Protein chains: 2
Amino acid sequence: MDERLEREVNLLHANICQALADPKRILILYALADGPRSVGELTDTLNVPQSTVSRHLKVLRERQLVSAARYGVAVHYSLTDRRVVEALDTLRAVLFGTLAQRAELARGLS
Amino acid sequence: MDERLEREVNLLHANICQALADPKRILILYALADGPRSVGELTDTLNVPQSTVSRHLKVLRERQLVSAARYGVAVHYSLTDRRVVEALDTLRAVLFGTLAQRAELARGLS
DNA sequence: GGCTTGCATCCGGATGAGCGGATATGCGGA
DNA sequence: TCCGCATATCCGCTCATCCGGATGCAAGCC
């Protein structure tokens, strides 16, 4: 295996893919795709304790997938790079493809 | 939060993102992007025990990200949908962007 | 049928990730 | 300065995941 690719993939995993490995974090990214949101807003949107939201935001912030800006006492988070959501949309399209295929298969079996 | 999006994201996570949450699995996908490979070939490429490769392949197979075909005593795996690798490439581009930004920042600080 | 080869699965152990209540910190208003 | 709000971090806990050697299983050869 190409050592270069291996190192690159390790970086990719550590910096991005691992961050996408939790459904709540993906939801946060989609919520931010509509524009910046404060932690409180995200807490309401996701309907989980605030500490949980902050913990997930920390993961996303450390990987620079989101960026934070303080406005008075509130902190507004926003997407750093929309391409992350685009990639997720691509994966969603793949998912629909396989789901459709499974449905097809199930119909054929019946 | 839109319940529909929430369900969709849960599916996306369970079926795809979780499968991308391990660097070895990402490497397998990239290896398969060059064409079908047998388990033995992947074992050599990744340089890990065969049981480990088979375990990861099982995860990818269950999510239908790869498909298996038996040729005699060997099993050849191939990518089900190239778009998965395309999405990974997009994320790689994002990664390079943030890495460049960090380098820039580090230079500015020195 | 016995053997080899290639792959899948089982198992116990170690590590990591998520959780959410409690608490700390930072900021603006009175 | 003291208070209150918004957010961040700490803590102990539970659960998920990965690992790799050992073992099971299918297919072809003799």
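Residues numbered from 1 in each chain as written. Chains lettered and ligands numbered in written order. Predicted model: local features only at pLDDT ≥ 70, side-chain atom pairs only at ≥ 80, totals over all residues. Heavy atoms only, no water.

## Let's talk about the overall build of chain A
Put simply, the rule reads: The secondary structure listing takes helices from DSSP runs of H or I that are at least 4 residues long and strands from runs of E that are at least 2 residues long, numbered from the N terminus. In this setup the radius of gyration rests on C-alpha atoms only. A globule is expected at 2.2 Å times the number of residues raised to 0.38. Relative accessibility decides the category of a residue: with a 1.4 Å probe and only protein chains considered, values under 20% of the type maximum give buried, values over 50% give exposed, and everything between is partly exposed. Contact criterion: two residues are considered in contact whenever any of their non-hydrogen atoms come within 4.5 Å of each other. Here the open area of atoms and residues is found with the Shrake-Rupley method and a 1.4 Å probe, where only the protein chains shown may cover a residue. Just so you know, the count uses Lys and Arg for positive and Asp and Glu for negative, and it drops His and the chain ends. Just so you know, the charge point we use is NZ for Lys, CZ for Arg, CG for Asp and CD for Glu.
Check the secondary structure of chain A and you find five helices and three strands. Starting at the N terminus, the α and β elements of chain A follow one another as α-α-β-α-α-β-β-α. For 110 residues, the compact-globule estimate of 2.2 N^0.38 gives 13 Å, and chain A exceeds it by more than 25% at 17 Å. By its C-alpha atoms, chain A is 60 × 40 × 20 Å across when sized along the principal axes. Among the 110 residues that make up chain A, the fraction classed as buried is 45%. A separation threshold of at least 6 residues defines the contact pool for chain A, and within that pool the share at least 24 residues apart is 52%. Put simply, chain A shows about 5,800 Å² of open surface, and 50% of that area lies on carbon and sulfur atoms. A distance of 5 Å separates the average location of the 15 positive side-chain charges in chain A from that of its 13 negative side-chain charges.

## Re the sheet that holds strand E2 (residues 66-71) of chain B
What counts here: Strand pairing follows a simple DSSP-based rule, namely that at least 2 bridges must link the two strands.
Ordered in space as E1-E3-E2 (chain B), the three strands form an open sheet in which the pairing is antiparallel. On the outer flanks of this sheet lie strand E1 (37-38) and E2 of chain B, each paired with one strand and no other.

## Structural notes on the protein's contact with DNA strand C
Defined as follows: Think of it this way: one heavy atom of a residue within 4 Å of a molecule or strand is enough to make that residue near it. We define a polar contact as two N or O atoms separated by no more than 3.5 Å, with the added condition that, inside protein, one atom must be a possible hydrogen donor and the other a possible acceptor, whereas residues neighbouring each other in sequence contribute only through side-chain atom pairs. When residue character is reported, Ala, Val, Leu, Ile, Met, Phe, Trp, Tyr, Cys and Pro are called nonpolar, Asp, Glu, Lys and Arg charged, and the others, Gly included, polar.
In the region of DNA strand C, 24 residues are neighbours, and A:Lys24, A:Arg25, A:His56, B:Ser54 and B:Tyr77 sit closest. A breakdown of the atoms of DNA strand C within 4 Å of the protein gives sugar and phosphate a share of 67%. A:Gln18 is positioned with one of its side-chain polar atoms (N or O) 3.3 Å from a phosphate oxygen of DNA strand C. Contact between DNA strand C and A:Thr52: a phosphate oxygen at 3.1 Å from a side-chain N or O atom of the residue. If you list the elements that add at least two residues to the surface near DNA strand C, you get helix H2 (23-33) and helix H4 (50-62) of chain A together with helix H3 (39-46), helix H4 (50-62) and strand E3 (74-79) of chain B. Take the surface near DNA strand C: its biggest share by element is five residues, from H4(B). For the surface near DNA strand C, the per-class residue count stands at seven nonpolar, ten polar and seven charged.

## Digging into helix H1 (residues 3-15) of chain A
Residues that lie three or four places apart on an α-helix share one face, since the helix turns once every 3.6 residues. The line we're drawing: Between the first and last residue of a helix there are one fewer steps than residues, each counted as 1.5 Å, and that sum is the expected span.
For H1(A), with 13 residues, the first-to-last C-alpha span of 18 Å sits near the 18 Å given by 1.5 Å per residue. Of the residues making up H1(A), those classed as buried are A:Leu5, A:Glu8, A:Val9, A:Leu12, A:His13 and A:Asn15.

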